[in-house]
Amino acid sequence: MRSDWLCLLEDLATYAEPLRRLGRRQLPAPETHSELLGKSRALVNALHPRSMRLRLAENLEVTRSTRTLRFERVDGELPPFRPGQYVSLSVSIGEVSTSRPYSISSPPGIGTLDLTVKREPQGFVSPWLCDREPGWEASSSGPAGSFVHEPLRDRGPLVLLSGGSGITPFMSMLQHFAAVGFPGKTTLLHNSRSTDDVIFGDAVASLARDHEDFDAVSVISRPPADYTGVSGHLDAQLIRERVGELDGASFFVCGPDGLIRHVEEQLALLDVPAHAIRREAFGPPADVTVMPEWPQGIGSDDTFSVSLVGGQTLYARAGEPLLNSLERAGEVIPAVCRTGECADCRMKVVSGDAWSLPGAGVREADRAQGFVHACVAYPTSDLRLDRG
Ligand code: FES
């Protein structure tokens, strides 16, 4: 187990070598103020690029429905990133230009970037993405997101709770910990639908065998009749049994919105304080209209007109995020996180009503002035929107 200070030093070390390389290559003694400014911008852009050009190097099978897409960067070196962060991949499929955030599943510092994608049968992007051949190129955002282990904040036992492809950011964290030392007692409880759907099952079991600070439990919700492992869901009893002492623990929860809500309810039964829980939701809720806060009397398939100031008028379903409806109509909207966090898709509601997911990350001042984040906002009347 590493001390807090050692954790910090090791995290700093993640950035040290890229900084040294960049410093050697890009920062000769400046002669003028503008030259210094230009070189500083180049350094910042190299460490935190707004966009990157990626080439698919390998497309690897993980389970029958999941692939790992291994990318190399073609327009520079990969920037440093924190395990748990994501990149947003931009794609054009037919007439639609859209983007999807994917957690990085590989550890930092290996020169390639793995994105592990589950093929959703009804999905628009994931089936197309899983079929890409090596050599395919795409643009992405730089690494982003705050779903990361912070040694000074997350000082107690670490509890990682995931469902389906929600294990991907944890795979990056676990491989990083395996390389530099686990920060303390770490437990992964991962829920899969069936034994055929366990993502990274062998790799995680191998890490658990090799590291005494790390324990992993694979939980199958629909096991075969002869299954002898742990079955069911991530409930309070299982968490208590497998983690033990919960006082001072930090909880990271990742997966579909339904799993996150379920796990939060279970953690509440265990009196885990909200400030000890970090969450990363993959995709919008399957059915937003069943949420308790959803306005009464509006169905998922109710349709409303959405007119854009200075642009087209389109029709949008109440049960779909506004961002998806706008993209389907050919609008290109900046979007990185698609979870309400980054504010790239911020728009002003000039007239009408849009309902936002609770905790959608809109600043209070913006909310008061009628701004929404289109990725987590749903039309509940005819709307007029200004992209600002
Ligand atoms: S894409 Fe980030 S807030 Fe909408």
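All of these numbers come straight from a predicted model, not from anything done at the bench.

Conventions adopted
Residues numbered from 1 in each chain as written. Predicted model: local features only at pLDDT ≥ 70, side-chain atom pairs only at ≥ 80, totals over all residues. Heavy atoms only, no water. Helix = DSSP H or I, 4+ residues; strand = E, 2+ residues; numbered from the N terminus. Buried < 20%, exposed > 50% of the residue type's maximum accessible area, 1.4 Å probe, protein only. Polar contact = N/O pair within 3.5 Å; in protein donor to acceptor, adjacent residues only side chain to side chain. Contact = heavy atoms within 4.5 Å. Expected span 1.5 Å × (residues − 1). Arc of directions from axis to C-beta. Domains from an automatic or database assignment. Pairing = 2+ DSSP bridges. Axes fitted to C-alpha atoms, helices over the stretch in contact; angles between N-to-C directions. Salt bridge = Lys/Arg side-chain N within 4 Å of Asp/Glu carboxyl O. Core = buried A, V, L, I, M, F, W, Y, C linked by side-chain atoms within 4.5 Å. Phe/Tyr/Trp six-rings, centres within 6.5 Å; stacked < 30°, edge-to-face > 60°. Left-handed = near helix turned anticlockwise from the far one by under 90°. Nonpolar A, V, L, I, M, F, W, Y, C, P; charged D, E, K, R; others polar.

**What about the side chain of E331?**
Mapped onto the elements of the fold, E331 is located in the loop between helix 8 (322–328) and strand 15 (346–351). Accessibility expressed as a relative area gives 12% for E331, which makes it buried. A distance of 2.5 Å separates a polar atom in the side chain of E331 from a polar atom in the side chain of R387. The contact partners of E331, leaving out residues within four places of it in the chain, are S97, L308, Q312, L326 and R387.

**A short note on helix 2 (residues 33–47)**
In this model helix 2 runs 21 Å from its N-terminal to its C-terminal C-alpha over 15 residues, within 8% of the 21 Å that 1.5 Å per residue would give. Looking at helix 2, one finds that the buried residues are L43, A46 and L47. The buried residues of helix 2 occupy one face: seen down the axis, they fall within an arc of 95°. Exposed and facing more than 90 degrees away from the buried side of helix 2 are H33, S34, R41 and V44.

**Comments concerning the domain arrangement of the chain**
In terms of domains, the chain is made up of domain 1 (50–141), domain 2 (158–282) and domain 3 (303–386). Of note, the centres of domain 2 and domain 3, computed from C-alpha atoms alone, are 33 Å apart.

**Observations regarding the sheet that holds strand 17 (residues 371–373)**
Taking strand neighbours across the sheet as the criterion, the five strands line up as 14-13-19-15-17 in an open arrangement whose pairing is mixed. A single partner strand is all that each edge strand has here, and the edge strands are strand 14 (313–317) and strand 17. Sheet twist, expressed as the mean angle between neighbouring strand axes with direction ignored, is 40°. As judged from the three bridges shared by strand 15 and strand 17, these two strands associate in the antiparallel manner. Considered in strand 17, the bridge of K348 is made with F371.

**Topic: the pairing of strand 4 (residues 96–103)**
Most of strand 4 sits out of view: six of its eight residues are buried. Here strand 3 (residues 86–93) pairs with strand 4 via eight bridges, running antiparallel. The residue of strand 4 that forms the bridge with S90 is S99. In this structure, the hairpin formed by strand 3 and strand 4 is closed by a connection of two residues, where G94 is found at a positive phi of approximately 60°.

**Re the pattern of salt bridges**
Once their charged atoms are close, side chains differing in charge can pair, the charge on each being opposite to the other. What the rule picks out here adds up to 22 salt bridges. The partner of R55 in a salt bridge is E137, with the nearest N and O atoms 3.3 Å apart. With R55 in strand 1 (residues 51–63) and E137 in strand 6 (residues 137–141), the pair connects residues that are 82 residues apart, well separated along the chain. For E137, a relative accessible area of 30% translates into the label partly exposed. Residues E150 and R82 are paired through a salt bridge, measuring 3.4 Å at the closest nitrogen-oxygen approach. With E150 in the loop between strand 6 and strand 7 (158–163) and R82 in the loop between strand 2 (66–73) and strand 3, the pair connects residues that are 68 residues apart, well separated along the chain. Residue class for E150 comes out partly exposed when judged on its relative accessible area of 29%. Here the salt bridges share partners, and the residues they tie into one network are R53, R55, E72 and E137.

**Some points on the nonpolar core**
Formed by 29 residues in total, the largest nonpolar core has its most connected members in L322, L357 and L385. Taken together, the elements giving at least two residues each to this core come down to strand 13 (303–308), strand 14, helix 8, strand 15, strand 18 (377–379) and strand 19 (383–386).

**Side note on the packing of aromatic side chains**
Summed over all chains, the structure comprises nine aromatic pairs. Taken together, a centroid distance of 5.8 Å and an interplanar angle of 35° make the contact between F147 and F170 tilted. Taken together, the residues F147 in the loop between strand 6 and strand 7 and F170 in helix 4 (residues 168–180) connect sequence positions 23 residues apart. You can call F147 buried: its relative accessible area is 2%.

**Quick word on the sheet that holds strand 9 (residues 214–220)**
Pairing is parallel across the open sheet formed by six strands, whose spatial order is 10-9-8-7-11-12. Of all strands in the sheet, those with a lone pairing partner are strand 10 (230–231) and strand 12 (277–282), marking the two edges. Here strand 9 runs beside strand 10; their pairing, made up of two bridges, is parallel. Of the residues in strand 10, the one forming a bridge with V219 is V230.

**Some details on helix 7 (residues 257–269)**
An ideal rise of 1.5 Å per residue puts 18 Å on 13 residues; helix 7 measures up with 19 Å between its terminal C-alpha atoms. Among the residues of helix 7, D257, L259, I260, V263, Q266 and L267 are the ones counted as buried. In the core, the buried residues of helix 7 are packed alongside strand 7, strand 8 (186–192), helix 6 (236–243), strand 11 (250–256) and strand 12. Of the residues one or two after helix 7, D271 is the one with positive phi, at around 60°.

**A closer look at unusual backbone geometry**
With a phi close to 60°, F200 is a non-glycine residue in the positive phi region. Residue class for F200 comes out buried when judged on its relative accessible area of 16%.

**A closer look at the packing of helix 4 against helix 5 (residues 201–210)**
Axis separation between helix 4 and helix 5 bottoms out at 11 Å; the angle between their running directions is 30°. For the element pair helix 4 and helix 5, the recorded crossing hand is left-handed. Every residue of helix 5 that contacts helix 4 at M171, L174 and A178 is listed here: A203, V204 and L207. Within the contact of helix 4 with helix 5, the residues separate by chemical class into six nonpolar, no polar and no charged.

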